[in-house]
Amino acid sequence: MKNIITLFTIAMLSCLSLTAQNKATKNADKHFSRFEFIEAAEDYEKLVINGKADGYVYAQLAECYFNIFKTVEAERFYAKALESSSNPELIYKYSQMLKANGKYEESNQQMDKFASMRPGDDRATAFRKNPNYLLKILEKGKKFNVQNLGINTPSSDFGGTLNNGKLYITSARNTARRTYGWNDEPFLDIYEFTVSNDGSYIGEALLSNKINTKYHEGIVAFSPDGNTMYFSRESFYDDMYVKDSITKNKVSVLNLYKSIKLSDGWSDVDPLRFNNSNYSVKNPSVSADGKMLYFASDMPDGYGNFDIYKATIAEDGSLGSAINLGQKVNTEGQEMFPYISSNGTLYFSSDGHLGLGGLDVFYTKEIDGKTAPIRNVGVPVNSNADDFAFNINEDSGKGFVSSNRDGGLGSDDVYAIKKLQPLCDVLIIVTVTDSKTENPLSGATVGIYDTQGNMISWKSTDEKGIAEFIVECETDTQLNVTMTDYESNSVNVAGSNEEEVLVSIVLDPIEKIIVADQIELNPIYFDFDKSNITAKTAFELDKLVQIMNKYPEMVITAESHTDNRGSAQYNQRLSERRAQTTVQYIISKGIDPSRISGQGKGESYPNIDCKNNCSEDDHQLNRRSEFIITNGNPNS
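Okay, so let's go over this structure. Counting of residues starts from 1 at the beginning of each chain's written sequence and follows it residue by residue. Local features are withheld for residues below a pLDDT of 70 in this predicted model, meaning they are given only at 70 or higher, and side-chain atom pairs are given and counted only at 80 or more; totals for whole chains, interfaces and linings count all residues. As a rule here, side-chain values cover all heavy atoms of the structure and leave hydrogens and water aside.

**Notes on the sheet that holds strand E24 (residues 387-393)**
And then number 1: For two strands to be treated as a pair, DSSP must find at least two bridges joining them. Segments assigned H or I by DSSP are reported as helices when at least four residues long, segments assigned E as strands when at least two residues long, and all are numbered from the N terminus. The 4 strands lie next to each other as E1-E26-E25-E24, forming an open sheet whose pairing is antiparallel. Unpaired on one side and paired on the other, strand E1 (144-148) and E24 mark the two borders of the sheet. Within this sheet the neighbouring strands show an average axis-to-axis angle of 25°, counted without direction.
And then number 2: When E24 meets strand E25 (residues 398-403), the two strands line up antiparallel, connected through 5 bridges. Residue pairing in the sheet places Asp387 in a bridge with Ser403 of E25. Whenever a helix is involved, its axis is fitted only over the stretch in contact; in every case the axis is a line through C-alpha atoms, and angles between N-to-C directions fall within 0 to 180 degrees.

**Concerning the sheet that holds strand E27 (residues 425-434)**
Backbone-to-backbone hydrogen bonds pair the strands of a sheet. The strands run either parallel or antiparallel.
And then number 1: Ordered in space as E30-E27-E33, the 3 strands form an open sheet in which the pairing is mixed. Edge positions in the open sheet fall to strand E30 (466-472) and strand E33 (500-507), since each of these has one partner strand only. Each neighbouring strand pair of the sheet contributes to a mean axis angle of 25°, computed without reference to strand direction.
And then number 2: Alignment of E27 against E33, held across 8 bridges, turns out to be parallel.

**Remarks on the nonpolar core**
And then number 1: To qualify as a nonpolar core, a set must consist of buried Ala, Val, Leu, Ile, Met, Phe, Trp, Tyr and Cys residues joined through side-chain atoms within 4.5 Å. Burial status follows relative accessibility: with a 1.4 Å probe on protein chains alone, a residue under 20% of its type maximum counts as buried, one over 50% as exposed, and anything between as partly exposed. Within the largest apolar cluster, 44 residues are counted, with the highest numbers of intra-cluster contacts made by Tyr44, Leu61, Cys64, Tyr65 and Tyr78.
And then number 2: Those elements that provide at least two residues to this core are helix H2 (26-33), helix H3 (37-49), helix H4 (55-67), helix H5 (71-81), helix H6 (88-100), helix H7 (104-117), helix H8 (122-129) and helix H9 (133-139).
And then number 3: Non-local contacts of Tyr65, meaning those with residues more than four positions away in its chain, are made with Ala41, Glu45, Lys70, Glu73, Ala74 and Phe77.
And then number 4: Counting 35 residues, the second-largest nonpolar core is a separate cluster that includes Phe144, Cys473, Met483 and Val501. In this description, contact between two residues means that some pair of their heavy atoms is separated by no more than 4.5 Å.

**Some details on the state of the cysteines**
And then number 1: Pairs of cysteine sulfur atoms within 2.5 Å are identified as disulfides in what follows. Considering all chains together, one arrives at 2 disulfides under this definition.
And then number 2: Two residues, Cys424 and Cys473, share a disulfide whose sulfurs are 1.8 Å apart. Between Cys424 and Cys473, the S-S torsion sits near -70°, and that sign places the bridge as left-handed. Here the residue Cys424 occupies a position in the loop between strand E26 (413-419) and E27, and Cys473 occupies one in the loop between E30 and strand E31 (477-483), the gap between them amounting to 49 residues. Like Cys424, the residue Cys473 is buried in the burial classification.

**A look at H8**
And then number 1: Residues Asp122, Arg123, Ala124 and Phe127 constitute the buried set of H8.
And then number 2: In this structure, the buried side of H8 is in contact with H6, H7 and H9.
And then number 3: Definition of a polar contact: a pair of N or O atoms within 3.5 Å, with one able to donate and the other able to accept a hydrogen when the atoms are protein atoms, and with sequence-neighbouring residues admitted only if both atoms are side-chain atoms. Between a side-chain oxygen at the N-terminus of H8 and the backbone nitrogen of Arg123 the separation is 2.7 Å; the capping residue is Asp121.

**Quick look at a positive patch on the surface**
And then number 1: Exposure above 30% relative accessible area and the absence of a salt bridge qualify a residue for a patch, where like charges join within 9 Å and nonpolar side chains (Val, Leu, Ile, Met, Phe, Trp, Tyr) within 5 Å. Computed with a 1.4 Å probe, the accessible areas rest on the Shrake-Rupley method; for each residue, only the protein chains presented here act as cover. Only one rule defines a salt bridge in this text: a Lys or Arg side-chain nitrogen within 4 Å of an Asp or Glu carboxyl oxygen. Note on charges: Lys and Arg go in the positive column, Asp and Glu in the negative column, and His and the chain ends are not counted at all. To locate a charge, the coordinates of NZ of Lys, CZ of Arg, CG of Asp or CD of Glu are taken. Taken together, the side chains of Lys23, Lys26, Lys30 and Arg34 make up a positively charged region of the molecular surface.
And then number 2: Checked against the element boundaries, Lys26 lands in helix H2.
And then number 3: A residue is classified by how much of its surface remains accessible, and Lys26, at 61% relative accessible area, is exposed.

**Focus on the packing of H4 against H5**
And then number 1: Relative to each other, H4 and H5 sit at 155°, their axes nearing to 8 Å. One way to sum up the angle between H4 and H5 is to call them roughly antiparallel. Note on packing geometry: the crossing formed by H4 with H5 is left-handed. Contacts from Gly55, Tyr58, Ala59, Leu61, Ala62, Glu63, Tyr65 and Phe66 in H4 reach Glu73, Ala74, Phe77, Tyr78, Lys80 and Ala81 in H5.
And then number 2: Three classes are used, and their members are as follows: Ala, Val, Leu, Ile, Met, Phe, Trp, Tyr, Cys and Pro are nonpolar, Asp, Glu, Lys and Arg are charged, and the others, Gly among them, are polar. Here the residues of the contact of H4 with H5 sort into 10 nonpolar, 1 polar and 3 charged. To sort the angles, those under 35 degrees are grouped as roughly parallel, those over 145 as roughly antiparallel, those from 65 to 115 as roughly perpendicular, and the leftovers as oblique. Crossings are classed by handedness, with left-handed meaning an anticlockwise turn of the near helix from the far one by less than a right angle and right-handed meaning a clockwise turn.

In structure tokens form, the structure reads like this:
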């Protein structure tokens, strides 16, 4: 995908000074300046064979292969160039090629070197914060099914946008076009296919010459009604270009255009207000309400090579000012191919955020005016190659991603995707410690429950007292922790969009709940007019079971109290039912019946003597159970 990414930009020349050029490199440099990387590589290789190569030649070769995504060759020549150079960007690209070739440990070593040289760089900062990021990405699990689309060719095919029963892609399959020196493929055009009843794509058609020209056209986006199409085109069409001050070559950029659907096809195109001969604007995406346009640009005052921007779309179709999405999204690297989904999730591709190699697909969301953490979509959407042009229907979970990964039909292919699991998840890291010694507790049982009290999962803490759970974003949960000889504890965890939530839970030694002649549990509340044991009640009663198991001579009387609603006679019977239900639960846990008895106290002994002026809170405090030690008190 390097050929596609940078052909829509002013390509970066060598990271080394152009003063390293000489007579021997003249032909190769000429091809390089014209972005004819295949011919340039051939000429630089001849210099290597003839023993005339130096650090400059090796760096130029590495850049050639980097741009046409020949990762093995790029890795080799970056390594050679770095024998005589310590250029940080060369080191960064070398680490990227090592990663693309599956050499993750070596890649991290180079990233460590890069981070030492550029400690303030966002890419360095992210790496320092999360040096084990690769393992975390790979262990997230496969949340998508990915399949190569049947319409791909041996040429570059990418994009994948559905609109009114049509699929639109960008492709270099048009052999009637002249070839582009970058990769010796034809210039790019936009194609449409009809979506058949069985879901296949048929009737390949090249869009009219109002849309396609002899120059490059890029991926498309549509207004919600499907009647306005936005797309990118090479600026040569509008006679917009700059001249390279050294080579005198004409260098184009990418511009954005829009076209209106008419009864007989698409209208003549109109350029967008952001177009400029000095920088590119590309990769359009329109929000579900049609009020915002997202795009990528290398306009001045950005954070990196390419940044993602947004601009409002007025009712008359006019655009507001371009707003940079900020440093949380944009890095010193490249952020491109934004896609804003129907639920407001922003997907984009980046080589600046931590990924598996090349461009990876990431996502985030704006919540209460703040950008949520940037997350990697993970495998198999992402690979160690370039993965880009992601889009998805959030309702069906179906969409597309493009990639130049191994196993494809062409240099870039379109892949169909299907979401298998919720994408956004949170890692809850629970640490359990002893309240007295503050030491971690190994072997504690940690259960995670939903808001209805249903258990989602449970785990035992490891030797560090840690248990980990993955839940969907914005999901409220409760953690219940139990351990022999300790009082159980529970903690509510509010739903979050953070990648990790750290929860510390301390357990008191079980003896702490023995106070004078009673076992003091957290309040055991019964619902109004009910006597059944709930999940919350059971959690507390299990503490009583545990301490009775520890002290086999202990004998308990469970007293049950009611509020004063209803007649005194009815409340007495209700409290007796509650006392007996409590006793039966304790016996069901293996406690001998002779050690536990129950007494109903009715409304005779209220905690809050509010008579006829009780609030709901007062009533709940009066509906309670108390546990009296009648024999075998270890504190006596």
